[in-house]
Amino acid sequence: MTRRKEVKVKVGLSGPPPMKSGFQYVNPAQEDQMEICGYRPSLIRKVMVWFFIIITAGLLRLFFYWLPHLFIKCTHSKCSLAEAEIVILRDQYLQWFVSRVKINHKNGMLGESAMKDGVAGITFSKTPFDSNTPLKMGDAQLNRKLVRYFVTKKVKYIWSSESQTFKKLEGLDKNTKCSYFHATKGLNYSQQQERMSMFGSNSIQIHVTPIVKLLFKEVLSPFYIFQLFSCGIWFADEYYYYASCIVVISVVSITATIYQTRKMQRTLRNTIESSTIVSRLCGEEYHDICSDDLVPGDIISIPRQGCTMQCDAVLLTGNCIVNESMLTGESVPVTKTPLPNPRVSKSQEDILFNMKEHSKHVLFCGTQILQTRFYGSQQVKAVVLRTGFSTAKGDLVRSIMYPKPVDFKFNRDTYIFVGILAAIAGVGFIYTVVLMVQEHEAFEEIFLRSMDLVTIAVPPALPAALTIGIVFAQSRLKKSQIYCISPRSINVSGTINIVCFDKTGTLTEDGLNLQSIVPLHDGRFAEEVYDVKQLPAEKSLLLNAMATCHSLTIINGVLSGDPLDLIMFEATGWELEEPGEEEGSRYDMIVPTVVRPKGSRNGKGAFDQQFVPVSDEIAIMRQFTFASSLQRMSVITRKLGAPNFELFSKGAPEMIASLSKPETVPSNFHEVLIEYTKHGYRVLALAYRSLPAKLKYAKIQRIQREQVERSLTFLGFLVMENRLKPETTPIIHQLLDANIRTVMVTGDNMLTALSVARECGMVSEHKKIILVQAFPGGSGKSEPTLEYMYTEDPQDRLQKSEKETKIPMPDGHVTDSPYHFAMDGRSWAIIRKHFPLLLQKFCVRGTVFARMSPDQKSQLIETLQELGYFVGMCGDGANDCGALKVAHAGISLSEAEASVASPFTSKQPNIECVPTLIRQGRGALVTSFGIFKYMACYSLTQFVSVLILYWIFANLTDFEFLYIDLFLLTSLSVTFGYTNAYDKLSKDPPLVSLFSISPVLSIILHMAIQTAGQVFCYFNVQEQPWFVPYEVNEDDDYTSYENMAIFLISMYQYITLAVVFSKGRPYRKTIFSNYFFMGNLAVCVGMSLWLNIYPIEDVATFFELKVAPSIPYRCVYLGIAVINFFLDLLVETYVIESYFVQERLQCWIEDIFSTSKYQYEIQEEEMVRDQPWPPVSSAETLAQAFERMDSQQVRDFDQSSLLSSLMDSASDTQSIRSLRSLEVDASHREPRNYNSQAGSSYVSEDMNDESMLIGESPTDAGLDNPALDIDEQKL
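Please read all numbers here as calculations on a predicted model, not as lab measurements.

Undergrad: What is the right way to look at the packing of helix H33 (residues 1041–1061) against helix H36 (residues 1111–1136) in this model?
TA: Across the interface, H33 lies against H36 with an axial gap of 9 Å and an inter-helix angle of 30°. The angle between H33 and H36 falls in the class roughly parallel. For the element pair H33 and H36, the recorded crossing hand is right-handed. For the pair H33 and H36, contact is made by Met-1044, Ala-1045, Leu-1048, Ile-1049, Tyr-1052, Gln-1053, Thr-1056, Val-1059, Val-1060 and Phe-1061 and by Tyr-1113, Tyr-1117, Leu-1118, Ile-1120, Ala-1121, Asn-1124, Phe-1125, Asp-1128, Leu-1129 and Glu-1132, respectively. Taken together, the residues of the contact of H33 with H36 break down into 15 nonpolar, three polar and two charged.

Right, here's the structure in full:
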């Protein structure tokens, strides 16, 4: 029995690292978790440090300027945070931040004298749930006159006396009960001043750095410091011309950098900074103030004509139509509704406000309010939650100002390689010192010669050269209408080996076609109806549902909203009318949206003040907006002549069926649903409920959706055709052919997603899909369980199995898995909680993830990253914002030129941008590799040249250096990167590590050839009959035949290296397509030939070049250069790129020196070995499985699962008490079977529901806010 070799697992970074004992943290267990240490000044330490700074002529201070946290550690002593005057923080990306602790008076005064009043701090309540608001009732109550705080990354942290640590200053979005917002009457002047002192101005200020500060920052960077040092050496060595050119180039480069930086800062400032006049409630009246003066807790009025929000605020009264494209990239208008008041609903507890749960009631900073729907005599009011950089807009700006560093192996390797070059320079330094000491040279000469060698071995232009490929790639992406706000992500995009796609709007068309309506007849589905006008009269409820159950609105005279809603409504042939300003002023209540058949309008008024209908129309009285995790939306309406209100719901068929009375759901529900979805149709279900006649208008406006979205009557299906975009299938095949995994992650129905996955080619015909279903347990089951089943019918699977063959996995990589996993969001949540190890296996072979909430999409991306994948994400920018930002390369399909939602934005509304980005990323990465090898070999080649000439105490002349460094190197390295990416994606990804065998062996072999060529020419010229040896002179005149030999052969070598390292396919086009490079080569070769064979006397004198007297001998160098070229080309083409080196030798080296593997490789190997897993059940059909899952969900009604589903949504407030009552209620029900014999149990339930809906409580007598009181007697 062989012992399996242990391997080290390489895991991708995702989420905050685990907290270590003995360390203190701010934002523990959060994404922005940081270690924190406190320091206070130490006089002894400070004196010692400044002593060493003085004796090192300021070099130590320069070092501390680059690493300020080390300066603090050396000049300060460590202390507790309570005594700290300076704090040092380190984030999860190992970035250091230094912040000074400040002390501020409550009235805003800052001063040391105030410390006499005692230690500053904030008391944090131990029971925040019992407090009403953190700013009023003690959860962040100022208990002293002074406050200690510091600011880092534009976030303010306040000292907590209880926990003895700093905590992030938060607004009303945390630890605030919902009832507080309805109870607050605004702030008085003193409260506003205190909060202004605490939270600061409500502005997102982007400072444009002064030119002088930018100048010093650039000049003091390591790159320019090394340039400055080099120029000083060259000037001292009398290389005036070369040093002067370098100075001029550096000045131009610094000027351009300062100009670009200030231009970018001004653009960002002009885009981000804005302020306006807002109406703030002061006492009983509204006053116009500047938006910069807003603080959390202020009550503001939203103007009817709309505005741009300058803060995050929760809506209290009225509705708002909002464009959130600045945040999401999606320009579809969104309806914001008032935050429900828990005090007016006896079924709802006063729970804490949560920004994610209640986002449908939040107006986010930076979004555009298009319209407001308001009370005739009242204001549309909102309470300010967060201001400044704490807002949603501020958070996005901070992500731009402090981006997540690209932890890319190539970047790390460059620093190591530069260190190796520095070590080689150290060897040369010792060689020079020893050589010149033996000749008793002066100290000044030894210092200049040895330092000159260091400036040669370490190329100062390397950082600038490495950005060339990225700059050209960004320009080409822009031509392809792909815009980038994070150029550093371009190289990373070249390493992507898995791409996740949203479905709707990304893989499929944005627009849907109404395929048919499927009504009910005698408890079963009837024949399809292809034209809404052909619906029989008795199916009017179905027509009414289509006409009312939407969130459409009229903006600037145009009907706007979700494309699906538009198609559904337009199919009815009805028209929509919203109240104008003159209508809105007639009533003391909100005026409803009205829909009616076209041409049926009899009068202008919709309803009178008693809500008696005056025309043939339906009024939409209340909307419960769509929530992705609730998978439904609903409206409450009143129809002409109807004595009561009606509720219409639309949503996912499984969800609507689970909320409907069992006797109304057709017995063939799942069979019909599967028949449509497996052909790729998008299916929505419609249902309705007649609400009790005693239910009054005021109660309708306060009722919670979970109280009415139950006991529904199922109406039928709405079948929409969602076609694949014509570009989708070819692109998916293109990615799969390149061994890039494709994954679908969607909020749509599982069956539709499976159909699309088959249709677009993500899952080939001969591959099986295993559906993973997780059941939470509870109510009779002690442990959660997993079940596996094939998605094909047994007969189809039997036919396919005869043709199926398993394809082996080469080297453990998943290129063509014998099966694929599929799961939905509900199973994902259960597996993630109870089966985290299995979750990794499911992700390694998972291809279809359906019914996934926005948070779950982000979780999937993070899990894939933890497995070691380089993940790309492509979505429409709406529900995919989180996943787009988390991915290594997120691409938002948006009409905006650039979206802060993702690093890349494509204006082309299809996935053609994905292979384009990967191709350009691979091209840029290979260009960076080539330029790095070129720069390294250039430095080493020149290093060898100088070492050889140092042997005779000679050197290259000033203008020879100038010709090599400026004319040859600079021009070739710039045009080198202009080669475009190859048109086709290769199956093999490019190298990521500079320390792979190929680049290391390439540099070694090429340098051996260059060194051999120079050594041969050096000795060969000495054998010529006309040779005169070089003699050392006081004028440092290096004109000699040895100098000529080394210079002539080396200039050909620089051109040769540029050609050899400029690789073409499979990642870049051939160099012959790069006309700039070819022209540059022609000029360089021509100029070199001229200098070699027949330079005129003035040119030779200018270069201080001693020309060989024999022209045939001059041609010998051309022959040597040709031999050198072909040797380099053969080595690079047939040795470095050979299968032996690329595969066999690389694997052998990895086995010897490295035993690390990515986690996904290990998981794949385990699944290949464990063939019996997973245990697939073949007894059920898909319809039976889904029906059993729905029955299980209704019977168990697992509270944690339901809460997770509800909390993931941006929906109305959920009542903990109502959830518990539903759980108890559901536990006594029989398993739900969708047939007409199961309805008797719902008789008493309907009665209970009606009494619950119309029941009064002490808080139902009126509203908390007298301004919103409504005379219910009129209703």
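Okay, back to it.
Undergrad: It is not clear to me how the side chain of Ser-230 should be interpreted in this structure. Could you clarify?
TA: The topology assignment puts Ser-230 in helix H7 (residues 222–236). From its side chain, Ser-230 meets the backbone oxygen of Phe-226 in a polar contact 2.8 Å long.

Undergrad: Whenever I open this one, the nonpolar core confuses me. Can you help?
TA: By size, the foremost hydrophobic cluster in this structure holds 92 residues, and its most contacted members are Val-1021, Met-1044, Phe-1047 and Tyr-1117. Top element by residues in this core is helix H30 (residues 913–950). It accounts for 17 residues. Setting aside its immediate chain neighbours within four residues, Met-1044 contacts Val-1021, Leu-1105, Lys-1106, Val-1107, Ala-1108, Tyr-1113 and Tyr-1117. Ranked by size, the runner-up nonpolar core spans 45 residues in total, among them Cys-760, Ile-769, Val-848 and Ala-924.

Undergrad: Looking at this model, I keep getting lost on the pattern of salt bridges. Mind explaining?
TA: Any two side chains of opposite charge can pair, given that their charged atoms come close. This structure, assessed with the given rule, holds 26 salt bridges. One salt bridge connects Asp-983 with Lys-1069, and the closest N-O pair in it is separated by 3.7 Å. Linking Asp-983 in the loop between helix H31 (958–976) and helix H32 (997–1022) with Lys-1069 in the loop between H33 and helix H34 (1075–1093), this pair joins segments that are 86 residues apart in sequence. Overlapping salt bridges, with partners in common, bring together Glu-575, Glu-577, Arg-596 and Glu-617 in one network.

Undergrad: What exactly am I supposed to notice about the packing of helix H23 (residues 728–737) against H30 here?
TA: Two quantities define a packed helix pair, namely the angle between the axes and the distance from one axis to the other. Across the interface, H23 lies against H30 with an axial gap of 9 Å and an inter-helix angle of 35°. On H30, the residues touching Ile-731, Gln-734 and Leu-735 of H23 are Val-914, Pro-915 and Ile-918. Taken together, the residues of the contact of H23 with H30 break down into five nonpolar, one polar and no charged.

Undergrad: In this structure, what is going on with the pairing of strand S3 (residues 34–41)? I would like to understand it.
TA: The side chains of a regular strand alternate, residue by residue, between the two faces of the sheet. Taking burial as the measure, the eight residues of S3 include six buried ones, the bulk of the element. Note: strand S2 (residues 24–26) against S3, three bridges, orientation antiparallel. Bridge pairing in S3 places Gln-24 opposite Ile-36. Pairing between S3 and strand S5 (residues 86–91): six bridges, direction antiparallel.

Undergrad: Would you take a moment to explain the packing of aromatic side chains for this structure?
TA: Aromatic ring pairs are described here by two measures, namely the spacing of the ring centres and the angle between the planes. This model, assessed by the stated rule, comprises 47 aromatic pairs. Relative to Phe-967, the ring of Tyr-963 has its centre 5.2 Å away and its plane inclined at 20°; by these criteria the two rings are stacked. Of this pair, Tyr-963 and Phe-967 both sit in helix H31, four residues apart, which is roughly one turn of the helix. Connected via pairs of aromatic rings, a cluster forms that spans Tyr-241, Phe-959, Tyr-963, Phe-967, Phe-1047, Phe-1102 and Phe-1103. Lying over the aromatic face of Phe-71, Arg-61 brings its terminal NZ or CZ to 4.4 Å of the ring centre. Its guanidinium or amino end placed over the ring of Tyr-819, Arg-845 lies 4.5 Å from that ring's centre, counting from NZ or CZ.

Undergrad: Any chance you could explain the pairing of strand S15 (residues 299–302) here in plain terms?
TA: The two faces of S15 match: Ile-299 and Ser-301 on one face and Ile-300 and Ile-302 on the other face are all buried. Note that S15 and strand S22 (residues 380–386) share four bridges and pair antiparallel. Bridge pairing in S22 links Ile-299 to Val-383.

Undergrad: Just to check I follow, could you spell out the sheet that holds strand S19 (residues 334–336) for this structure?
TA: Whether parallel or antiparallel, the strands of a sheet pair through hydrogen bonds between backbone atoms. Strands sit in the order S16-S21-S18-S19 across an open sheet of four strands; the sheet is antiparallel. Pairing within the sheet leaves two strands with one partner each, and these edge strands are strand S16 (307–308) and S19. As defined by bridge partners, strand S18 (residues 319–323) adjoins S19 across three bridges and the pair is classed as antiparallel. Counted as the bridge partner of Val-322 is Val-334 from S19.

Reading the values: the criteria
Residues numbered from 1 in each chain as written. Predicted model: local features only at pLDDT ≥ 70, side-chain atom pairs only at ≥ 80, totals over all residues. Heavy atoms only, no water. Axes fitted to C-alpha atoms, helices over the stretch in contact; angles between N-to-C directions. Helix = DSSP H or I, 4+ residues; strand = E, 2+ residues; numbered from the N terminus. Parallel < 35°, antiparallel > 145°, perpendicular 65-115°, else oblique. Left-handed = near helix turned anticlockwise from the far one by under 90°. Contact = heavy atoms within 4.5 Å. Nonpolar A, V, L, I, M, F, W, Y, C, P; charged D, E, K, R; others polar. Polar contact = N/O pair within 3.5 Å; in protein donor to acceptor, adjacent residues only side chain to side chain. Core = buried A, V, L, I, M, F, W, Y, C linked by side-chain atoms within 4.5 Å. Buried < 20%, exposed > 50% of the residue type's maximum accessible area, 1.4 Å probe, protein only. Salt bridge = Lys/Arg side-chain N within 4 Å of Asp/Glu carboxyl O. Pairing = 2+ DSSP bridges. Phe/Tyr/Trp six-rings, centres within 6.5 Å; stacked < 30°, edge-to-face > 60°. Lys NZ or Arg CZ within 6 Å of the ring centre and 35° of its normal.

Structural measurements only, silent on function.
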